[in-house]
Amino acid sequence: MTLTCPTARTFLAGLPLPESLDIAVVGLNHQTAPVEVRERAAVRAGEEGPLLAHLARHAQEVMLLATCNRTEVYLAGLTGDPLAAFEGAWGHALDGHLYVHRGEAAVTHLYRVAAGLDSLVIGETQIQGQVKRAWQDARARGLTGTTLNKVAQGALAAGKRVRFETGMSDKVVSVSSAAVELAQAALGGLASRTALILGAGETAELTLTHLRAAGVDDVIVVNRTAERARQLAEKLGGRACAAEYLHEVLPEADVLIASSAAPHYVLHGDGVQAALRQRPGRPMFLIDISVPRILDPDIAGVPGAHLHNLDDLTGIVARNMASRRAALPHAQAIVRDAAADLSRWHLTRQARLRDLALASD
């Protein structure tokens, strides 16, 4: 239902109703697609430009939001079918896993996403920065205009309101913390254990922080860029290792958590098997929270290796969400109010444009 304010109704007196907000979102996430499908639509570093260039042929404004659990395209001023635009950009038939929302439903979806209400970990804070960076990147490329700028700004404001007014994010619950909790349960605690982190980005930093809180003293940070590994190791404590030496340090790892981006698997079953031969009787616990995955699924067949991915964290996350669920009604009301504000803005703007057009006749 479209909400209107008195000003808008005044502008519209005697005129036909303006068009609904011309915006759509098409994408997939952890709710609609398993990890092996999500990684087919993942966005690797350097691919953003060509993808956005293709999508820009189907709309006047475009924004691409890609995280470990979702890939979404926001299109304003559509000139074609959003499903065809998405599948054409990635070259895959993904229709069975894609969702499409238009108009106010698309706006509400982005507001929920920015507030963390559509995340695997409800209320997580990382998504706020990811939405902001997606919008800033699209704007820097000249791909946003009045509509997407207004919608993105509204989404970020709604996300901040949800976190500030509900306290939903007070208790840390994240993919990284869930991965560490899974490792704790499997190994009976992490004190005196050695952990290896593959990656040195934001998620890797969060993972290292949770490992430290869980009592891990010895952490090895492995990254393609040795300098980034060194910076993270120095910041939070740990040993840095360049990627080419991964197999040399792997036998030391009781738990390995992978959170990096790579165009291929960086660790295979034979490498893990060789490492386990150097630590007889001591299993290895591996969690891949990367999308696309960077740990070869064949590792699961290696005796003594216990491999998990993002989809295996769902149960742990669900158990930790009780306190946040209590805040959901308030958070959802904030999102509804913010989306209604956007609808009023659009309706009033359309009415003014219509009024100016009539006045010039």
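(A) Expanded view of the pattern of salt bridges. Across all of its chains, the model carries 15 salt bridges by this definition. The shortest N-O distance in the salt bridge between Glu202 and Arg133 comes to 3.4 Å. Separated by 69 residues along the polypeptide, Glu202 in helix 9 (residues 202–213) and Arg133 in helix 6 (residues 126–140) bring together distant segments of the chain. Ionic pairing is found between Asp254 and Arg279, a salt bridge with its closest N-O pair at 2.7 Å. On the criterion of sequence distance, the pair formed by Asp254 in the loop between helix 11 (246–249) and strand 8 (255–258) and Arg279 in the loop between helix 12 (269–277) and strand 9 (284–288) is long-range, its members being 25 residues apart. When sorted by exposure, Asp254 lands in the same class as Arg279, which is buried. Among the ionic contacts, a cluster of salt bridges with common partners joins Arg70, Glu72 and Asp118.

(B) Local environment of the packing of helix 3 (residues 48–55) against helix 4 (residues 82–90). Running from N to C, helix 3 and helix 4 point in directions that differ by 145 degrees, and their axes come no closer than 9 Å. In the packing of helix 3 onto helix 4, the handedness of the crossing is right-handed. Contacts between helix 3 and helix 4 pair Leu51, His54 and Leu55 from the former with Ala85, Phe86, Gly88, Ala89 and Trp90 from the latter. Looking at side-chain class alone, the contact of helix 3 with helix 4 contains six nonpolar, two polar and no charged residues.

(C) Structural context of unusual backbone geometry. That bond from Val291 to Pro292 is cis: its omega, 0 degrees, falls within 30 degrees of zero. Following the sequence through the fold, Pro292 ends up in the loop between strand 9 and strand 10 (305–309). Backbone geometry at Ser192 places phi at a positive 70 degrees, although glycine is not the residue there. Within the secondary structure, Ser192 is located in the loop between helix 8 (175–187) and strand 5 (194–198). Given the relative accessible area of 70%, Ser192 is considered exposed.

(D) Representation of the sheet that holds strand 10 within the structure. Read from one edge to the other, the open sheet built from six strands follows the order 7-6-5-8-9-10, with strand pairing classed as parallel. In the strand order of this sheet, the two ends are held by strand 7 (239–242) and strand 10, each with one partner. Between one strand and the next, the sheet's axes are offset by a mean angle of 20 degrees, whatever the strand orientation. Pairing analysis gives four bridges linking strand 5 to strand 8, with the strands arranged parallel. Paired with Leu198 across the bridge in strand 8 is Ala258. Those strands touched by helix 8 are strand 8, strand 9 and strand 10, and its axis lies near 160 degrees from that of strand 9. Lying on the sheet, helix 9 is in contact with strand 5, strand 6 (218–223) and strand 8; it crosses strand 5 at an angle near 170 degrees.

(E) Main features of helix 9. Its 12 residues place the ends of helix 9 17 Å apart at the C-alpha level, agreeing with the 16 Å of an ideal helix rising 1.5 Å per residue. Along helix 9, the residues that are buried comprise Ala204, Thr207, Leu208, His210 and Leu211. Seen from one end, helix 9 has its buried residues packed into an arc of 165 degrees, which puts them on one side. Where the residues of helix 9 are buried, they touch helix 8, strand 5, strand 6, helix 10 (226–236) and strand 8. The positive-phi residue at the C-terminal boundary of helix 9 is Gly215, with phi of around 100 degrees.

(F) Region of interest: the nonpolar core. By size, the foremost hydrophobic cluster in this structure holds 59 residues, and its most contacted members are Val73 and Tyr111. Leu187, Leu232, Ile287 and Ile289 belong to the second-largest nonpolar core, a separate cluster that totals 35 residues.

(G) Inspection of the packing of helix 9 against helix 10 at higher detail. In the contact formed by helix 9 and helix 10, the axes pass within 11 Å of each other and the chain directions differ by 30 degrees. Remark: the crossing between helix 9 and helix 10 carries right-handed chirality. Along its contact with helix 9, which presents Ala204, Glu205, Leu208, Thr209 and Arg212, the element helix 10 presents Leu232, Lys235 and Leu236. Among the residues making up the contact of helix 9 with helix 10, the classes are represented as four nonpolar, one polar and three charged.

(H) Main features of the packing of aromatic side chains. A complete count under the given rule lists one aromatic pair for this structure. Ring geometry for Phe86 against Trp90: centres 4.4 Å apart, planes inclined by 25 degrees, an arrangement best described as stacked. Taken as a pair, Phe86 and Trp90 lie in helix 4 at a separation of four residues, close to a single helical turn. Given the relative accessible area of 0%, Phe86 is considered buried. Its relative accessible area of 11% is what places Trp90 among the buried residues. Geometry around Trp135 places Arg139 over its ring, the cationic atom sitting 4.3 Å from the centre.

(I) Broad picture of the side chain of Glu39. Along the chain, the position of Glu39 falls in the loop between helix 2 (35–38) and helix 3. A relative accessible area of 16% places Glu39 in the buried class. Residue contacts for Glu39: discarding those within four places in its chain leaves Val291, Pro292 and Arg293.

Rules and cut-offs
Residues numbered from 1 in each chain as written. Predicted model: local features only at pLDDT ≥ 70, side-chain atom pairs only at ≥ 80, totals over all residues. Heavy atoms only, no water. Salt bridge = Lys/Arg side-chain N within 4 Å of Asp/Glu carboxyl O. Helix = DSSP H or I, 4+ residues; strand = E, 2+ residues; numbered from the N terminus. Buried < 20%, exposed > 50% of the residue type's maximum accessible area, 1.4 Å probe, protein only. Axes fitted to C-alpha atoms, helices over the stretch in contact; angles between N-to-C directions. Left-handed = near helix turned anticlockwise from the far one by under 90°. Contact = heavy atoms within 4.5 Å. Nonpolar A, V, L, I, M, F, W, Y, C, P; charged D, E, K, R; others polar. Pairing = 2+ DSSP bridges. Expected span 1.5 Å × (residues − 1). Arc of directions from axis to C-beta. Core = buried A, V, L, I, M, F, W, Y, C linked by side-chain atoms within 4.5 Å. Phe/Tyr/Trp six-rings, centres within 6.5 Å; stacked < 30°, edge-to-face > 60°. Lys NZ or Arg CZ within 6 Å of the ring centre and 35° of its normal.

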